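# Coordinate analysis (summary)
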Amino acid sequence: MSSIRLIYSRSINKLSSFSTLINCSPKETLDTKTCIELIKTCKSITKLKQIHAQIIILNFHKHIGILHKLLAFTTDTLQGGDFNYAKKIFSCCENRTLFIYNVMIKGYVKKGQFKEPLFLFDELRIGGLSPDNFTYPFVFKAIGELKMVKGGEKLHGYVLKSGVWFDNYVGNSVMDMYGMFGCVTSLNKVFDEMTHRDSVAWNILISGFVRCGRYQDAVGVYMKMREESGVKPDEATVVSTLSACTALKSLELGKEIHRYVVEELGFSVIIGNALVDMYSKCGFLMVARQIFDDMPTKNVICWTSMVSGYVNRGQLDEARKLFERSPVRDLVLWTTMINGYVQFNRVDDAMDLFRSMQMQRIKPDKYTLVALLTGCAQIGALEQGEWIRDYMKENKIAITAVVGTALIEMYAKCGCIEKSMEIFDGLKEKDTASWTSIICALAMSGNTRKALELFSQMEQAGFCPDDITFIGVLSACSHGGLVEEGRRYFHSMSRIYGIQPKLEHYGCLIDLLGRAGLLREAEETISMIPKKDNKIIIPIYGALLSACRIYGRVDVGERVAKLLMEIESYDSSTHTLLANTYASAGRWEDVSKVRGTMRDLGVKKSPGCSSIDVNANVYEFIVGH
């Protein structure tokens, strides 16, 4: 019996006597208390399985206390557990307690498996058990992740009747669920009904507003928290509110939060990163860089925020220097730098960096590939775009809806509409963006019939068009001269889909009317445009003036030209179009007057320009050079 005494000893911390347990004969029986102590002091799943084997031999495997400890260990994967093993234990449990259900529900949620907890929740209630404040938070989390709004509201009602509503942990989880749904009204209502609001509740409300893009409301909650609650903002509060400040470009509040951090809260890596991001996106790169340089510990997120700040300001060389200095470069940092080059038309640099990324064995994701394909589309670099597609084939990268949309646009802008159609037809999953992309591509190529046919198919498939879709549809009508159809689609935007026409939509309709010679109606349409701004109205007037030249409508042309010259008298295109309008009507004396005015004002006609892609190099040609 000496071996059993060893096992009972309090010095069992490192299971030094575990081998003694294995060598015990069945007659040297252990009690359940000893088995529980062994599980509590176990440090690895391998040792636990050996203990479990002995427990089965001793016929203790149905003991509730032992089952609780076994499941608590195996569901805690952070402490070396094994959730698959936990599921096997659970499947053999005959008398399942609330604790057993709770640890399994929590385990599934932690593993990102959100449907199973709902089955277990129903099962435990059918079995006569009453959920408690440890059950509900993880069930609400699962429902929130699954976006089951009706189910969440039903469970919320059940909680209100059950008596656990007054537990802060439960109340906070209800708020978090509504935040995941984007139901800010319900989120706010739950917060208002809580009798005691801790910092977690305030943080969930702020982050919920931020998540839904209600940044001003988030800031309002922060101010209320500071002034009325007596609860001090913590790290989570500061980070969420700084996100709202960044979106609103609210530099003053950002500075106030910065002072609070310095004077009361103290810095952390997460707070430092949020401040760097806020200052850089608000245009204060020097302050952002000072905070960045002063941070004793930096993670890759900090480096990415600072590189992104330089990229957004167009300081690509400074961004690249910082990129090269970063001790760790993850995919997001590589993509940020690549996207910066694309954004400022340095596509060759983007491709070179992509090759370096491959040499470092960093696998690109859809955002990297979309950035590169966007760059190729911008400059018409077909060969480089084809190379990216070949790379995707060689590396067996699936063409998702997002990547497919980028490929469609790249081929369309390079004049390969057949390949755009090939990509679209090959997409297993289509979204609004991919439908829009192919419709716009067909419209741009003058294939009106096919563009409108696909728009009809898009509606029948249940996809809701957006404002960009209608730009493609109206452009197709314009190219095809379909006046009645164009009017109908234009008015359907607001009547059927609730989309208020933007300047681009008015521009397409005016172009359609101008091409059809309906210049008076086009003029009236211009007068209907809300919030006309000089800078954005110029192209529309220019399109109408061009139509005046085609149809020889000097009267309308003179009115439009006068308006354009009042806005931008030094623009050569206006004078040139007016001169051509007079020429089309045979009014050569007026042509001479316009050209004389151009000389007097010092207006020179801008030279034409074009570019081509040869052997992956883009060459630009300017008339006269």
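Quick caveat, the model's predicted, so the values are computed rather than measured. (Residues numbered from 1 in each chain as written. Predicted model: local features only at pLDDT ≥ 70, side-chain atom pairs only at ≥ 80, totals over all residues. Heavy atoms only, no water.)

## Some points on the overall build of the chain
Within the chain one finds 36 helices and two strands. Each of the 625 residues in the chain was classed as buried or not, and the buried ones make up 45%. Considering only contacts in the chain between residues 6 or more positions apart, those separated by 24 or more positions represent 58%. Accessible area for the chain stands at about 32000 Å²; split by element, carbon and sulfur atoms hold 52% of it. (Helix = DSSP H or I, 4+ residues; strand = E, 2+ residues; numbered from the N terminus. Buried < 20%, exposed > 50% of the residue type's maximum accessible area, 1.4 Å probe, protein only. Contact = heavy atoms within 4.5 Å. Areas by Shrake-Rupley, 256 points an atom, 1.4 Å probe, with all protein chains shown as cover.)

## Quick notes on the layout of surface pockets
In this structure, the largest pocket spans a volume of roughly 360 Å³. Around the largest pocket, the lining is made up of 16 residues, and of these T75, V103, K106, G107 and F138 lie nearest the centre. Only α5 (64–75) and α7 (98–110) provide two or more residues apiece to the lining of the largest pocket. If one sorts the elements of the lining of the largest pocket by residue count, α7 sits on top with six residues. (1 Å grid on protein atoms, 1.4 Å probe; cavity = no way out; pocket = protein on both sides within 12 Å on 5 of 7 lines; lining within 4 Å. Points joined across faces, edges and corners; volume = space filled by probe spheres on them.)

## Quick notes on the pattern of salt bridges
Throughout the structure, instances matching the rule amount to 23 salt bridges. We note a salt bridge from R214 to D217, for which the minimum N-O separation is 2.5 Å. Relative accessible area serves as the criterion here: at 38%, R214 is assigned to the partly exposed category. A relative accessible area of 31% means that D217 is categorised as partly exposed. (Salt bridge = Lys/Arg side-chain N within 4 Å of Asp/Glu carboxyl O.)

## Some words on helix α30 (residues 483–496)
Taking 1.5 Å per residue as the helical rise, α30 with its 14 residues ought to reach 20 Å, and the 19 Å between its terminal C-alpha atoms agrees with that figure. Taken together, the buried residues of α30 touch α28 (448–460), α29 (467–480) and α31 (503–515). Looking one or two places after α30, you find G498, whose phi comes out positive at around 65°. (Expected span 1.5 Å × (residues − 1).)

## Some remarks on unusual backbone geometry
For K147, which is not a glycine, the phi torsion comes out positive at approximately 55°. For K147, the position within the fold is in the loop between α9 (136–145) and α10 (149–162). Residue class for K147 comes out partly exposed when judged on its relative accessible area of 47%. You will see that K249, though not glycine, has its phi angle at about 55°, which is positive. Tracing the chain through its elements places K249 in the loop between α15 (235–248) and α16 (251–265).

## Examining the packing of helix α6 (residues 83–91) against α7
Here α6 crosses α7 at 150°, and the two axes come no closer than 11 Å. Here α6 lies roughly antiparallel to α7, going by the angle between them. In the packing of α6 onto α7, the handedness of the crossing is left-handed. Mapping the contact onto sequence places F83, A86, K87 and F90 in α6 and I100, Y101, M104, G107 and Y108 in α7. The residue inventory of the contact of α6 with α7, partitioned by class, reads seven nonpolar, one polar and one charged. (Axes fitted to C-alpha atoms, helices over the stretch in contact; angles between N-to-C directions. Parallel < 35°, antiparallel > 145°, perpendicular 65-115°, else oblique. Left-handed = near helix turned anticlockwise from the far one by under 90°. Nonpolar A, V, L, I, M, F, W, Y, C, P; charged D, E, K, R; others polar.)

## Brief notes about the nonpolar core
Counting residues in each nonpolar core, the largest one holds 173 residues, and the members touching the most others are L71, M104 and M175. Of the residues forming this core, the biggest block, eight residues, is contributed by α7. Residues in contact with M104, not counting those within four places in the same chain, are L71, T75, F83, A86, K87, F90 and L120. (Core = buried A, V, L, I, M, F, W, Y, C linked by side-chain atoms within 4.5 Å.)

Any functional reading would require information that these geometric values do not contain.
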